[in-house]
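# Observations on chain architecture
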Amino acid sequence: ARVAEQAERFDDMVDFLRPILSEKGGDFSVEERNLLSVGFKNLIGGKRTAIRTISAIEQNPKYSKFSDALGQYKKKIEGELGKDCQDIINMIKNEGMKSLKESEGKAFFLKMIGDYYRYMAESASGDQLAHARDGALEHYKQAETISGELQACNPIKLGLALNFSVFYYEVMQDNKQACQLAETALQDAMAKIDEVDEETFRDAKSIIELLKENLTLWKEEEGGDGAIEDL
């Protein structure tokens with residue numbers, strides 16, 4: 001799996017990790033979780049980028065005569081993305097969640113399911129959008145409940161708050177709820193950041209900075225004061 005990652009053969013990377021996921025039932029070390037995250041995310045990353053690129057081209061008037069062809073091509077990639085995301089979700093549900101006992105692992109995989117439903121929702125419409133939106137909301141909420149057992153600066157808990165707030169902002173278009181979720185996580189983490197070890201501090205700090213960036217942007221859009229205190 002490591003060699004496949006370095007060779008940027010992410011399909012192969014996921015294939016190598018699949019039997020390990022099945023064997024361990026999601027009982028992964030932090031290192032193995034990171035490998036799985038990299039493999040899954042890069043598997044669909046190119047398709048997400050391609051969809052955004054085509055959407056930008058569609059906005060350019062000089063390409064208006066190609067609008068039908070661009071629309072069909074984008075729809076093809078959206079279909080591939082939806083299939084890949086659903087395959088990943090099914091793999092996690094069927095293999096990754098089957099024997100998990102500890103809270104951190106459960107929160108990690110439930111968050112991951114929420115993430116891939118969110119990626120589906122980015123470019124979905126109609127019934128597929130409703131399916132993806134409801135799936136993301138359900139699994140993010142389950143992960144949020146379980147992450148209540150984790151420390152405020154736990155990177156999985158903070159990463160969940162980051163991604164769940166982005167879901168509210170981008171998919172649900174609920175700026176207020178996005179800000180509330182991100183701000184609560186940020187305040188809780190800032191209150192405990194001086195008590196954590198160096199490794200946790202390093203991992204938490206990068207997520208805290210992203211939460212701050214999003215909050216600053218979202219509050220400015222609401223016409224409020226976007227200033228956020230530094231670490």
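Residues numbered from 1 in each chain as written. Predicted model: local features only at pLDDT ≥ 70, side-chain atom pairs only at ≥ 80, totals over all residues. Heavy atoms only, no water.

### Section: the overall build of the protein
In plain terms, the rule: We count a stretch as a helix when DSSP gives it H or I for four or more residues in a row; a strand needs E for two or more, and each element gets its number in order from the N terminus. For the radius of gyration, the atoms used are the C-alpha atoms, and the globule rule reads 2.2 Å times the number of residues raised to 0.38. Here the term buried applies to any residue with accessible area under 20% of the maximum for its type, exposed to any over 50%, and partly exposed to those in between, with areas from a 1.4 Å probe on protein chains only. We call two residues in contact when some of their heavy atoms are within 4.5 Å. Values of accessible area rely on a 1.4 Å probe in the Shrake-Rupley scheme; residue burial ignores everything except the protein chains shown. Note that His is not counted, nor are the chain ends; the positive residues are Lys and Arg, and the negative ones are Asp and Glu. In this description, the location of a charge corresponds to atom NZ of lysine, CZ of arginine, CG of aspartate or CD of glutamate.
Check the secondary structure of the protein and you find 9 helices and 0 strands. What you see in the protein, going N to C, is helices and strands ordered as α-α-α-α-α-α-α-α-α. Relative to a compact globule of 231 residues, whose C-alpha radius of gyration would be 17 Å, the protein shows 19 Å and is just as compact. Seen along its three principal axes, the alpha-carbon backbone of the protein occupies a region of about 60 × 50 × 35 Å. With 231 residues in all, the protein has 42% of them scored as buried. Here the contacts in the protein between residues at least 6 apart in sequence split such that 66% fall between residues at least 24 apart. Summed over its atoms, the accessible surface of the protein is roughly 12,600 Å², and 47% of this surface lies on carbon and sulfur atoms. Side-chain charges in the protein split into 30 positive and 43 negative, and the spacing between the mean points of these groups amounts to 5 Å.

### Brief notes about unusual backbone geometry
One non-glycine residue, Glu8, adopts positive backbone phi at about 60 degrees. By the secondary structure assignment, Glu8 is in the loop between helix 1 (2-6) and helix 2 (10-24). Backbone geometry places Gln173, a non-glycine residue, at a positive phi of 55 degrees. Inspection of the secondary structure assignment puts Gln173 in the loop between helix 7 (155-170) and helix 8 (175-192). With a relative accessible area of 68%, Gln173 lands in the exposed category.

### With respect to the nonpolar core
Note the following rule: Put simply, buried Ala, Val, Leu, Ile, Met, Phe, Trp, Tyr and Cys residues joined by side-chain atoms within 4.5 Å make one nonpolar core.
By size, the foremost hydrophobic cluster in this structure holds 66 residues, and its most contacted members are Phe40, Phe109, Tyr116 and Phe164. Elements that contribute at least two residues to this core include exactly helix 2, helix 3 (30-58), helix 4 (67-96), helix 5 (103-123), helix 6 (126-147), helix 7, helix 8 and helix 9 (198-221). Sort the elements by how many residues they give to this core and helix 5 lands first, with 11 residues. Apart from residues lying up to four places away in sequence, Phe164 is in contact with Leu137, Tyr140, Lys141, Glu144 and Leu181.

### Brief notes about helix 7
An α-helix turns once per 3.6 residues; consequently, residues spaced three or four apart project the same way. The cut-off we apply is this: Between the first and last residue of a helix there are one fewer steps than residues, each counted as 1.5 Å, and that sum is the expected span. Here a polar contact is recorded for every N or O atom pair within 3.5 Å, except that within protein the pair must consist of a potential hydrogen donor and a potential acceptor, and residues adjacent in sequence are included only if both atoms are side-chain atoms.
The terminal C-alpha atoms of helix 7 lie 22 Å apart, and with 16 residues this matches the ideal 22 Å at 1.5 Å per residue to within 8%. In terms of burial, helix 7 is largely enclosed, as 12 of its 16 residues are buried. Those residues of helix 7 lying buried are Ile156, Leu158, Gly159, Leu160, Ala161, Leu162, Asn163, Phe164, Ser165, Val166, Phe167 and Tyr168. In this structure Asn154 caps helix 7, since a side-chain oxygen of it lies 2.8 Å from the backbone nitrogen of Ile156.

### Quick word on the packing of helix 2 against helix 4
The criterion, for reference: Helix axes use the C-alpha atoms of the stretch in contact, all axes being lines fitted to C-alpha atoms, and the angles between their N-to-C directions lie in the range 0 to 180 degrees. Just so you know how the angles are binned, under 35 degrees is roughly parallel, over 145 roughly antiparallel, 65 to 115 roughly perpendicular, and the rest oblique. By definition, turning the near helix anticlockwise from the far helix through less than a right angle yields a left-handed crossing, and turning it clockwise yields a right-handed one. Any residue that is not Ala, Val, Leu, Ile, Met, Phe, Trp, Tyr, Cys, Pro, Asp, Glu, Lys or Arg is counted as polar, Gly included; the first ten are nonpolar and the last four charged.
Between helix 2 and helix 4, the shortest axis-to-axis distance is 9 Å and the interhelical angle comes to 30 degrees. The orientation of helix 2 with respect to helix 4, classified from their angle, is roughly parallel. Pair helix 2 / helix 4 crosses with left-handed handedness. For the pair helix 2 and helix 4, contact is made by Val14, Arg18, Leu21 and Ser22 and by Met91, Glu95 and Gly96, respectively. In terms of residue class, the contact of helix 2 with helix 4 is made up of 3 nonpolar, 2 polar and 2 charged.

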